Amino acid sequence: MPTPESRAQELRQILNEHSYRYYVLNAPTITDAEYDALYHELVALETAHPHLIMPDSPTQRAGSDLTDDFPKVEHPAPILSLGNAFSDDDLWAWEERNLKLLPSGTQLAYMLEPKLDGLTVVIHYDNGVLVKAATRGNGRVGDDVTANVRTIRTVPLRIPATGDIAPPRHIVVRGEVLFLKHDFNALNERQREAGLPLYVNARNTASGTLKQKDSRITASRPLTCYLYDIVDISPDDIHGKPIYLPTQQAMLDYMRDMGFFIPPESHLYPTLSHIIQQIPTWIEKRHALDFEIDGLVIKVNDRKIDAELGVVGKDPRGAIAYKFPAEEATTTLKAVVVNIGRTGKLTPTASLEPVFVGGVTVSNATMHNYKFIAELDVRLGDKVVIKRSGDVIPYVIGPVPDLRDGTEQPILPPTHCPVCHTPIIQPEGAVDHFCPNTACPERVYRSIEFFVSRGAMDIEGMGGQTVKQLIEAGFIHDEADIFALKADDLLTLDGFAQKKVDNLLASIEKAKSRPLAQLLASLGIDGVGSTVAQSLADKFRSIRALMDADVQAIQEIDGIGDVLAENIVAWFDDDHHQRLIAKLTAAGVNMQAGEKTVLGDALAGKTFVLTGTLPTLSREKATELIEAHGGKVSSSVSKKTSYVLMGDSPGSKAEKAAQLGVPIIDEQAFLQMLE
Ligand code: IVH
């Protein structure tokens with residue numbers, strides 16, 4: 001058992017080292033959550049044993065980002081940090097502590113702002129002109145990054161940016177520099193195209209970009225800066241008129257009027273209860289925002305009260321950070337399991353020491369492909385950082401090489417399919433490895449599972465479990481066998497009584513008359529989702545005609561390039577697939593497109609791209625409506641796209657639309673167009 005003395009010393013040493021890695025080297029090797037846990041352990045020790053507080057304790061200063069490369073700037077006032085809250089109870093305790101320091105009966109109203117996950121910058125304006133910008137540094141002195149900050153397009157070089165209000169004689173504002181998510185993705189897209197390594201973490205990249213010695217590099221990367229605080233301001237404006245900013249809200253309004261980019265969705269609430277009520281909404285919408293947030297900041301609105309409350313250590317009492325549950329965690333990679341998808345693609349999946357992250361216990365995470373494993377040199381037995389954010393499947397971010405003990409083993413792609421033992425291939429130029437055997441039992445299982453799923457042929461009552469049972473019992477060997485299932489066979493299966501069998505057979509019967517596009521999208525042809533399937537059905541009108549088509553004819557369809565066209569032709573050329581189509585036809589599954597309905601020409605000449613899940617319309621229905629009104633549906637966004645019709649959890653198409661300035665509409669606006 002270490003003594004409190006020895007543990008405190010150890011924690012000081014570990015935390016200081018990680019602070020250096022994080023701030024100076026810009027290359028952290030532990031997660032924020034781990035750092036926080038160690039930091040809090042030290043705070044607890046020091047609180048219980050105040051004699052353990054040493055001048056070199058990280059609790060005695062905020063981490064420093066100072067480097068020798070830049071001239072130093074002294075801040076006009078300390079650049080404070082914030083205390084953390086992790087629960088509603090922490091927030092109540094914070095308010096209670098504050099109320100004790102204030103005259104009894106004081107009512108506190110609060111501003112609620114997103115806690116932007118970037119890095120602090122402090123910007124000085126004299127007579128409305130940007131004259132200096134600095135990093136936070138150690139809170140007292142920062143690095144002069146004026147040339148770099150001038151390249152950030154959201155930072156006004158002169159205030160007010162518009163209008164004829166007078167600027168203050170002097171003002172120093174504070175804010176957060178970061179990459180908007182769509183800008184960060186675009187930056188990585190550029191890296192990918194240039195064959196350069198991708199940036200993993202937006203915050204660290206923003207930090208590295210802000211501290212570039214050559215500001216042309218900074219200028220070439222699309223940083224953004226939100227400003228949320230006034231560090232210092234002259235009492236009057238350039239005409240001598242006094243400036244009066246009694247509240248946090250008035251301050252933000254004033255900053256907005258001056259042309260500063262202030263944190264979006266910052267609102268005033270009359271009580272702490274109202275603030276707490278907002279937290280679940282923020283957690284829910286967090287991932288739909290175009291900027292990363294790691295929590296919320298709650299600030300006493302009345303600036304006089306805020307000043308009275310003062311500062312404890314490096315944190316003002318009048319504001320607090322509510323931190324969201326950590327989405328990243330470190331755990332041990334115990335084994336790698338290979339998943340084989342319906343296209344034969346191998347996905348290496350990490351078996352992990354279970355770890356609590358993003359609100360659930362995670363024991364599996366995807367590692368994408370073997371190229372990822374090789375590039376990041378992930379090894380068996382490694383400590384790995386995993387991420388679980390929102391509804392996204394947990395994934396491995398990378399290993400922590402510092403924590404290796406030498407027993408870790410390299411991870412190589414299998415030479416043969418673990419299920420059917422066919423040699424594994426990696427097509428030239430491809431990132432992924434494949435089992436090329438279309439009759440591989442695992443591929444067959446995944447294909448059938450996909451075929452029956454919602455959004456595909458939608459056979460109610462037939463999930464993956466039932467598919468497995470049917471394959472194991474030898475009743476089905478491919479998708480077409482489903483249509484030959486007999487009640488007597490089904491009744492022999494575990495858990496199948498008469499009613500369940502009747503229902504299942506009825507939904508199988510119903511599936512026979514699904515539209516051609518739906519059948520095409522259910523076959524699991526790589527790259528043929530519902531939009532491409534609809535275009536194919538529209539052009540060729542029958543499976544027969546599509547099977548007879550060559551690459552050139554398919555490529556004539558808007559949104560289908562040569563790679564996809566070749567893929568489609570190759571799929572229909574495969575013997576196994578030809579037999580499947582013949583069996584489906586014989587089973588009575590619909591292979592023709594129906595007559596086209598015409599409802600009007602309100603959308604004539606307009607091209608739509610669909611993304612995300614719409615509140616009421618299915619993709620098929622939306623496509624049908626667009627076409628019935630004379631419009632077209634395309635699968636990719638380009639300058640020629642008229643509208644992007646966006647639902648929940650949209651993909652990168654929405655980002656692309658925003659970049660190209662293509663209007664984005666929701667279902668309601670779309671339906672109005674039809675009226
Ligand atoms: S207020 C005294 N507001 O979070 C003013 N900070 O954990 C203290 N941050 O160092 C800061 N968004 O870099 C404030 N809306 C926001 C913020 C914000 C992000 C950062 C800031 C601060 C850190 C504290």
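Bear in mind that the values here come from a model prediction, so they are computed numbers and not experimental data. (Residues numbered from 1 in each chain as written. Predicted model: local features only at pLDDT ≥ 70, side-chain atom pairs only at ≥ 80, totals over all residues. Heavy atoms only, no water.)

Visitor: Explain the pattern of salt bridges here, please?
Guide: Oppositely charged side chains can form a pair if their charged atoms are brought close together. Considering all chains together, one arrives at 27 salt bridges under this definition. Close ionic contact of Lys72 with Asp143 constitutes a salt bridge, the shortest N to O distance being 2.7 Å. In this pair, Lys72 is assigned in strand E1 (residues 72–74) and Asp143 in strand E6 (residues 141–143), connecting sequence segments 71 residues apart. Given the relative accessible area of 0%, Asp143 is considered buried. Between Lys539 and Glu556 there is a salt bridge, with the nearest N and O atoms lying 3.1 Å from each other. Within this pair, whereas Lys539 is found in helix H17 (residues 530–540), its partner Glu556 is found in the loop between helix H19 (551–555) and helix H20 (562–573), the two being separated by 17 residues in sequence. Given the relative accessible area of 56%, Glu556 is considered exposed. (Salt bridge = Lys/Arg side-chain N within 4 Å of Asp/Glu carboxyl O. Helix = DSSP H or I, 4+ residues; strand = E, 2+ residues; numbered from the N terminus. Buried < 20%, exposed > 50% of the residue type's maximum accessible area, 1.4 Å probe, protein only.)

Visitor: Could you clarify how one ought to interpret the sheet that holds strand E22 (residues 632–634) in this entry?
Guide: The strands making up a sheet are joined through hydrogen bonds of the backbone, oriented either antiparallel or parallel. Pairing is parallel in the open sheet, where 4 strands are placed in the order E22-E21-E23-E24. Edge positions in the sheet fall to E22 and strand E24 (664–665), since each has one partner strand and no second. As defined by bridge partners, strand E21 (residues 607–611) adjoins E22 across 3 bridges and the pair is classed as parallel. From the neighbouring strand, Thr607 faces E22, where its bridge partner is Lys632. (Pairing = 2+ DSSP bridges.)

Visitor: Even after reading the chapter, I still don't get the sheet that holds strand E7 (residues 170–178), so can you show me in this structure?
Guide: Taken in spatial order, the 4 strands line up as E5-E4-E7-E8 in an open sheet, and their pairing is antiparallel. Edge positions in the sheet fall to strand E5 (129–135) and strand E8 (224–233), since each of these pairs with one other strand and no more. With direction set aside, neighbouring strand axes in the sheet form an average angle of 30°. Seen against the sheet, helix H8 (residues 248–258) touches E7 and E8 and runs at an angle of roughly 120° to E8. (Axes fitted to C-alpha atoms, helices over the stretch in contact; angles between N-to-C directions. Contact = heavy atoms within 4.5 Å.)

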